[in-house]
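Listed below are the residues making up each chain.
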Amino acid sequence: MTVCMWSHEGQISKSQISKSDRPVGYKVSGMPDGREAHIFISQNASDRWQIEDDASGQRSGDFESAEDALASLQADVDRRQ
């Protein structure tokens, strides 16, 4: 899986990230069966993260960090294989 950060400036590559950029989301691609997902700041709390399934548009989860959300998504992919 690959992850691309979104900041308030839009989609940027890892080489363009500065210390002042605060990510608002990540696009997760390279998942099996053409699945894609995003990891976004929670709609309910600015210090929590959720996973959005691109197929359904539904958000789920309540994670302390984007890394925790990505680990959960990876575990889900691993279970399905």
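The preceding data block contains the structure.
Cut-offs applied
- Residues numbered from 1 in each chain as written.
- Predicted model: local features only at pLDDT ≥ 70, side-chain atom pairs only at ≥ 80, totals over all residues.
- Heavy atoms only, no water.
- Salt bridge = Lys/Arg side-chain N within 4 Å of Asp/Glu carboxyl O.
- Buried < 20%, exposed > 50% of the residue type's maximum accessible area, 1.4 Å probe, protein only.
- Helix = DSSP H or I, 4+ residues; strand = E, 2+ residues; numbered from the N terminus.
- Patch = residues over 30% accessible without salt bridge, like charges linked within 9 Å, V, L, I, M, F, W, Y side chains within 5 Å.
- Areas by Shrake-Rupley, 256 points an atom, 1.4 Å probe, with all protein chains shown as cover.
- Lys, Arg positive; Asp, Glu negative; His and termini not counted.
- Charge placed at Lys NZ, Arg CZ, Asp CG, Glu CD.
- Pairing = 2+ DSSP bridges.
- Phe/Tyr/Trp six-rings, centres within 6.5 Å; stacked < 30°, edge-to-face > 60°.

Visitor: Is there a simple way to think about the pattern of salt bridges in this case?
Guide: Pairing of side chains with opposite charge becomes possible as their charged atoms draw close. Under the criterion given, the structure shown has 6 salt bridges. Of the charged contacts in the structure, one is a salt bridge between Lys27 and Glu36, with a shortest N-O distance of 3.9 Å. With a relative accessible area of 27%, Lys27 lands in the partly exposed category. Taking relative accessible area as the criterion, Glu36 reaches 34% and is therefore assigned partly exposed. As a salt-bridge pair, Arg35 and Asp76 come within 3.5 Å of each other at their nearest N and O atoms. Highlighted residues: Arg35 in the loop between β3 (25–29) and β4 (37–41) and Asp76 in helix α1 (residues 66–80), separated in sequence by 41 residues.

Visitor: Got a minute to help me understand a negative patch on the surface in this structure?
Guide: A contiguous patch of negative charge, built from Asp47, Glu64, Glu67 and Asp68, is present on the exposed surface. Mapped onto the elements of the fold, Asp47 is located in the loop between β4 and β5 (49–53).

Visitor: Is there a simple way to explain the pairing of β3 in this structure?
Guide: Across a regular strand the side chains alternate sides, sitting on one face of the sheet and then on the other. For β3, the buried fraction is high: 4 of the 5 residues fall into the buried class. Bridging between β3 and β4 involves 4 bridges; their strand directions are antiparallel. Bridging from a neighbouring strand, Lys27 pairs with His38 of β4.

Visitor: Just to check I follow, could you spell out the packing of aromatic side chains for this structure?
Guide: What describes a pair of aromatic rings is the distance from one ring centre to the other and the angle between the planes of the rings. Applying the stated criterion across every chain yields a total of 1 aromatic pair. Aromatic side chains Tyr26 and Trp49 sit 5.8 Å apart centroid to centroid with 45 degrees between the ring planes, which places their arrangement in the tilted category. Of this pair, Tyr26 sits in strand β3 while Trp49 sits in strand β5, placing them 23 residues apart in sequence. As far as the burial class goes, Tyr26 and Trp49 line up, both buried.

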